[in-house]
Amino acid sequence: MCPCPFCSGILLLLSPLLLFKGPRAWLKKKISKHHKHCKTCQNAEHTHCQEEHIKCTCEKCKHKRKK
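Basis of the calculations
- Residues numbered from 1 in each chain as written.
- Predicted model: local features only at pLDDT ≥ 70, side-chain atom pairs only at ≥ 80, totals over all residues.
- Heavy atoms only, no water.
- Helix = DSSP H or I, 4+ residues; strand = E, 2+ residues; numbered from the N terminus.
- Buried < 20%, exposed > 50% of the residue type's maximum accessible area, 1.4 Å probe, protein only.
- Contact = heavy atoms within 4.5 Å.
- Areas by Shrake-Rupley, 256 points an atom, 1.4 Å probe, with all protein chains shown as cover.
- Lys, Arg positive; Asp, Glu negative; His and termini not counted.
- Charge placed at Lys NZ, Arg CZ, Asp CG, Glu CD.
- Axes fitted to C-alpha atoms, helices over the stretch in contact; angles between N-to-C directions.
- Parallel < 35°, antiparallel > 145°, perpendicular 65-115°, else oblique.
- Nonpolar A, V, L, I, M, F, W, Y, C, P; charged D, E, K, R; others polar.
- Disulfide = S-S within 2.5 Å.

Draft legend 1. Broad picture of the overall build of the chain. From N to C terminus, the chain includes four helices and zero strands. Secondary structure elements of the chain, listed N to C terminal, follow the sequence α-α-α-α. Reported as C-alpha extents along the three principal axes, the dimensions of the chain are approximately 40 × 20 × 20 Å. Among the 67 residues that make up the chain, the fraction classed as buried is 19%. Restricting the contact set of the chain to residue pairs at least 6 apart, pairs at least 24 apart contribute 29%. Counting only carbon and sulfur atoms, one obtains 62% of the accessible surface of the chain, whose full area is about 5500 Å². The positive charge centre, built from 15 side chains, and the negative charge centre, built from 4, are 12 Å apart in the chain.

Structural data, given as structure tokens:
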């Protein structure tokens, strides 16, 4: 789970809405949009990928690969 307080808080508070298709899509979109621009989220993703020895999907590494 992401260590970011926004992601964790939203997920815990709005978890009952995950049962419904419309709110689930909205919530996924909202968290995805936040996740791409949050430094805490991106650092956690980068660290996780390095620990698991997998291709990193953080925005910084994606930008480096495009060059």
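Next comes the rest of the description.
Draft legend 2. Geometry of the packing of helix H2 (residues 21-37) against helix H3 (residues 39-52). Put simply, H2 and H3 touch, their axes get as near as 5 Å, and they point 80 degrees apart. For the element pair H2 / H3, the angle class is roughly perpendicular. Residues His34, His35, Lys36 and His37 of H2 form the contact with H3, whose own contacting residues are Lys39, Cys41, Gln42 and Glu45. For the contact of H2 with H3, the class distribution of residues is one nonpolar, four polar and three charged.

Draft legend 3. Layout of the state of the cysteines. Using the criterion set out here, one finds zero disulfides in the structure. Counting only cysteine sulfurs, Cys56 is the nearest neighbor of Cys49, a cysteine outside any disulfide, at a range of 4.3 Å. Cys56 supplies the cysteine sulfur nearest to Cys58, a cysteine that is in no disulfide, at a spacing of 3.5 Å. Overall, the relative accessible area of 3% leaves Cys58 in the buried class.

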